Amino acid sequence: METQGIERNKAVIRRFVEEVQNKKDFTIYDELIDPKFVNLSAPPGVPADSKGGRMWLSTFADAYPDSEFTIDEMIGEGDRVVTKKTLRGTHTGEFGGIPATGKRVTLQYVDIMRVRDGRILEHWVSMDQLSWLQQLGVMPG
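Quick look at the structure, then.

Reading the values: rules and limits
Residues numbered from 1 in each chain as written. Predicted model: local features only at pLDDT ≥ 70, side-chain atom pairs only at ≥ 80, totals over all residues. Heavy atoms only, no water. Helix = DSSP H or I, 4+ residues; strand = E, 2+ residues; numbered from the N terminus. Buried < 20%, exposed > 50% of the residue type's maximum accessible area, 1.4 Å probe, protein only. Polar contact = N/O pair within 3.5 Å; in protein donor to acceptor, adjacent residues only side chain to side chain. 1 Å grid on protein atoms, 1.4 Å probe; cavity = no way out; pocket = protein on both sides within 12 Å on 5 of 7 lines; lining within 4 Å. Points joined across faces, edges and corners; volume = space filled by probe spheres on them. Nonpolar A, V, L, I, M, F, W, Y, C, P; charged D, E, K, R; others polar. Core = buried A, V, L, I, M, F, W, Y, C linked by side-chain atoms within 4.5 Å. Contact = heavy atoms within 4.5 Å.

1. A few points about the environment of Asp79
Okay, so step 1: As for its placement among the helices and strands, Asp79 is situated in the loop between β2 (68-77) and β3 (80-90).
Okay, so step 2: The partly exposed category is assigned to Asp79, whose relative accessible area is 25%.
Okay, so step 3: Sequence spacing of Asp79 and Val125 is 46 residues, and the spatial spacing of their C-alpha atoms is 16 Å.
Okay, so step 4: Side-chain polar atoms of Asp79 contact the side chain of Arg80, separated by 3.1 Å.

Put into structure tokens, the structure is as follows:
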């Protein structure tokens, strides 16, 4: 894939972070997610398709309404875009079976997204969930 294509893919991911994750604009989610989207890191009980992804993100946004995602690093290769991000937010609503704790969390994680024709087709994530649970105070630190 030529450099211009990689830069276009990176722009799709930047837009996803800025408009969907940070501004919580789910009309943009529908625009940027391919109808054949697969979340290869879907949590248990969450469908791995675009509807499941939308459901998970909107539930997260309700539980962490002040959440802010920052792209720390971004690498594009072929049709994949890798981002190392930092998430900061306050847990004010139930999420993943954990009642609101009122605690502020900071979490770094890595996403890999496959982009085709300006839309996100696949998603993988790697994050330190233990650190997240420790910050919420539901696991010993």
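What follows picks up the thread again.
2. As for unusual backbone geometry
Okay, so step 1: One non-glycine residue with positive phi stands out, namely Lys24, at about 60°.
Okay, so step 2: Structurally, Lys24 can be placed in the loop between α1 (3-22) and α2 (26-32).

3. A short note on the layout of surface pockets
Okay, so step 1: Estimated volume of the largest pocket: approximately 750 Å³.
Okay, so step 2: Lining the largest pocket are 34 residues, with Pro43, Trp56, Phe95, Met127 and Trp132 positioned closest to its centre.
Okay, so step 3: Secondary-structure elements contributing two or more residues to the lining of the largest pocket are α1, β1 (33-39), α3 (50-63), β4 (104-116), β5 (119-127) and α4 (129-136).
Okay, so step 4: Of the residues in the lining of the largest pocket, the class split is 24 nonpolar, nine polar and one charged.

4. Focus: the nonpolar core
Okay, so step 1: The biggest cluster of nonpolar side chains holds 30 residues, and the ones touching the most others in it are Ile13, Phe16, Tyr29, Tyr64, Ile120 and Trp132.
Okay, so step 2: Among the elements of the structure, α1, α2, β1, α3, β2, β3, β4 and α4 are those that each provide at least two residues to this core.
Okay, so step 3: Sequence-distant contacts of Ile13, defined by excluding residues within four places in its chain, comprise Met74, Val81, Thr83, Met113, Val115 and Ile120.

Shape descriptors only; they carry no functional weight alone.
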